[in-house]
Amino acid sequence: MKAPKHRWLAIAICCRVVACLTVWTSVGRSADSGEPSPEAVLQEHGLSKVGKLWILPEEQELRDRLATLERFEKRHREARASVEQLLDANEATFARLSKLEESAEKTRELAAAAKAGTAQRKQLDAEQKNADAAVEQLRKVYIPPEKLGMGPPLKTALMDLVNARTDATLKLLAYRDTPDDLPQRYERLGKDPAIAAALAALPTPGQLGPLKGLKDTWRLFVDKLDSNLLGNTLPIYREGRAIRLTAIVDDRRPLTFTFGNAGESTVIAQNLAETAGLAVGPDARKVKYHIAEGRDVMAQIAKIAQLRIGRRVWKNVEFYILPPEAADVGARISPNSLPGYHLTINPSRFQLTIENSAGR
């Protein structure tokens, strides 16, 4: 006699439940003793399995941060290489142009001295024509200093480099004080009898982290980034004829300045100040600020708690917050507006260098 269909359905459901319970007990608790499984014991101590290791959340965070910094460093390195390639190519073009112009001038002199109508004169005239054509072609390719960086592809590459460096610097500043005491943490865990027993009881004997060499890899990479990103030289770019540089406010927010004339005060338009997290109260002192002939505004005097340019950090930097009607002025900083140091520009390589006032 055949069993009703609903009976076979019930049997199937029971089998499925039993199978699920079996899996649960193998992961969570021992089916015989009711004690937590080795995996559960390790998980209760905050450990998770990655490859052959059981690691702490702090190690996973360190691995993630290292991967993030490597990604930002790669972008910065590639952006810098792109700029250097463009600048080197332009300098090489100038060298070839100078050499060709010198050669063309000598050919012109020889042609002028040769007798008209002779074979020698005809040959020199032909050489002169070819030399002039080559010079003209190189002049179309070469970008003179007064126009260098004012348009693509160099301007685009420079802006990308400035942004890549700023992003990498901000990430480094956020991460560089990450604790790297993982070996000590694991040493303490390794002395716990419950963890030692759980590792030994795993189907495949487990091992506590950290990943071999992780601490040294982290420290070496952070030190390398610190040297590359927080030096006394940083990239700049041009907006028209104005030089632009990016500083960091309170090690958290970027702020791009126009490089002004010596003696000018540091000024920041109100909208840019708010974006950078700079705010003043309604009782802040106000002064009349002269922008240009026939253009004066009332500006608020404020201070930036910390302003970073490369490795250098200035505290309590005084500046003027310009009102909304002066938003077109943007943010401006002068070569000698930061106490104790002088900012200098290398226009041929688009770099700003920070020197102390003694020139060292």
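Residues numbered from 1 in each chain as written. Predicted model: local features only at pLDDT ≥ 70, side-chain atom pairs only at ≥ 80, totals over all residues. Heavy atoms only, no water.

Compared with an ideal rise of 1.5 Å per residue, which puts 23 residues at 33 Å, helix α4 (residues 119–141) spans 34 Å between its outermost C-alpha atoms and is within 8% of the ideal. All buried positions along α4 are accounted for by Leu124, Gln128, Ala131, Val135 and Leu138. For α4, the secondary structure elements touched by its buried residues are α3 (57–113). (Helix = DSSP H or I, 4+ residues; strand = E, 2+ residues; numbered from the N terminus. Expected span 1.5 Å × (residues − 1). Buried < 20%, exposed > 50% of the residue type's maximum accessible area, 1.4 Å probe, protein only. Contact = heavy atoms within 4.5 Å.)

What follows concerns the sheet that holds strand β3 (residues 207–208). Strands sit in the order β1-β2-β3 across an open sheet of 3 strands; the sheet is mixed. What marks the edges here is a single partner per strand, and that holds for β1 (48–50) and β3. Inspection of the sheet shows β1 paired to strand β2 (residues 53–55) by 3 bridges, in the antiparallel sense. Among the inter-strand pairings, Ser48 is bridged to a residue of β2, identified as Ile55. (Pairing = 2+ DSSP bridges.)

The next point concerns the environment of Gly213. When you line up the elements, Gly213 lands in the loop between β3 and α8 (214–229). Of the residues examined, Gly213 reaches a relative accessible area of 34% and is grouped as partly exposed. Taking the C-alpha atoms as reference, Gly213 lies 42 Å from His342; in sequence the two are 129 residues apart.

All right, on to α8 then. Quick reminder: α-helices carry 3.6 residues per turn. Residues three or four places apart thus point the same way. The end-to-end C-alpha distance of α8 is 22 Å, a good match for the 22 Å that 16 residues give at a rise of 1.5 Å each. Within α8, burial applies to Leu214, Trp218, Phe221, Val222, Leu225, Asp226 and Leu229. Taken down its axis, α8 places every buried residue within 140° of arc, on the same side. Residues Asp216, Leu220 and Ser227 are exposed on α8 and point more than 90 degrees away from its buried face. On its buried face, α8 is in contact with α3, α5 (154–175) and α6 (182–190). (Arc of directions from axis to C-beta.)

So, on to the nonpolar core. In terms of nonpolar packing, the biggest core is built from 39 residues, with Phe257, Ile268, Leu307, Ile309 and Leu352 touching the most fellow members. Of all the secondary structure elements, the ones that give two or more residues to this core are α3, α5, β6 (242–249), β7 (253–259), β10 (295–309), β11 (312–322), β12 (331–333) and β14 (351–356). Looking at which element gives the most residues to this core, the answer is α5, with 6 residues. Beyond its immediate sequence surroundings of up to four residues, Leu352 is in contact with Asn232, Thr233, Leu234, Ile236, Leu245, Phe259, Ile309, Leu343, Thr344 and Ile345. (Core = buried A, V, L, I, M, F, W, Y, C linked by side-chain atoms within 4.5 Å.)

The predicted model of the protein has a mean per-residue pLDDT of 89, with 90% of residues at 70 or higher. Ranking the elements of the protein by mean pLDDT puts helix α1 (residues 5–27) last, at 39, and α5 first, at 98. Here residues 1–31 scores under 50 on pLDDT; set against residues more than four positions off or in separate chains, the count is 20 contacts. (pLDDT = per-residue confidence, 0-100.)

Applying the stated criterion across every chain, the model contains 3 aromatic pairs. Arranged with centres 5.1 Å apart and planes meeting at 35°, the rings of Phe94 and Tyr142 form a pair that is tilted. One end of the pair, Phe94, is in helix α3; the other, Tyr142, is in the loop between α4 and α5, with 48 residues separating them in the sequence. Overall, the relative accessible area of 41% leaves Phe94 in the partly exposed class. Residues Trp314 and Tyr341 carry aromatic rings whose centres are separated by 5.7 Å and whose planes lie at 90° to one another, so their mutual orientation is edge-to-face. Here the residue Trp314 occupies a position in strand β11, and Tyr341 occupies one in strand β13 (residues 341–346), the gap between them amounting to 27 residues. Note on Trp314: relative accessible area 5%, which makes it buried. A relative accessible area of 22% means that Tyr341 is categorised as partly exposed. (Phe/Tyr/Trp six-rings, centres within 6.5 Å; stacked < 30°, edge-to-face > 60°.)

To continue, consider the packing of α3 against α8. Packed helices, taken two at a time, are described by the angle between their axes plus the distance between the axes. In contact at an axis separation of 11 Å, α3 and α8 are set at 35° when each is read in the N-to-C sense. Like other packed secondary-structure pairs, α3 and α8 cross with a definite hand, here left-handed. Mapping the contact onto sequence places Glu59, Leu62, Arg63, Arg65, Leu66, Leu69, Glu70, Glu73 and His76 in α3 and Leu214, Thr217, Trp218, Phe221, Val222, Lys224, Leu225 and Leu229 in α8. Classifying every residue of the contact of α3 with α8 by side-chain character gives 9 nonpolar, 2 polar and 6 charged. (Axes fitted to C-alpha atoms, helices over the stretch in contact; angles between N-to-C directions. Left-handed = near helix turned anticlockwise from the far one by under 90°. Nonpolar A, V, L, I, M, F, W, Y, C, P; charged D, E, K, R; others polar.)

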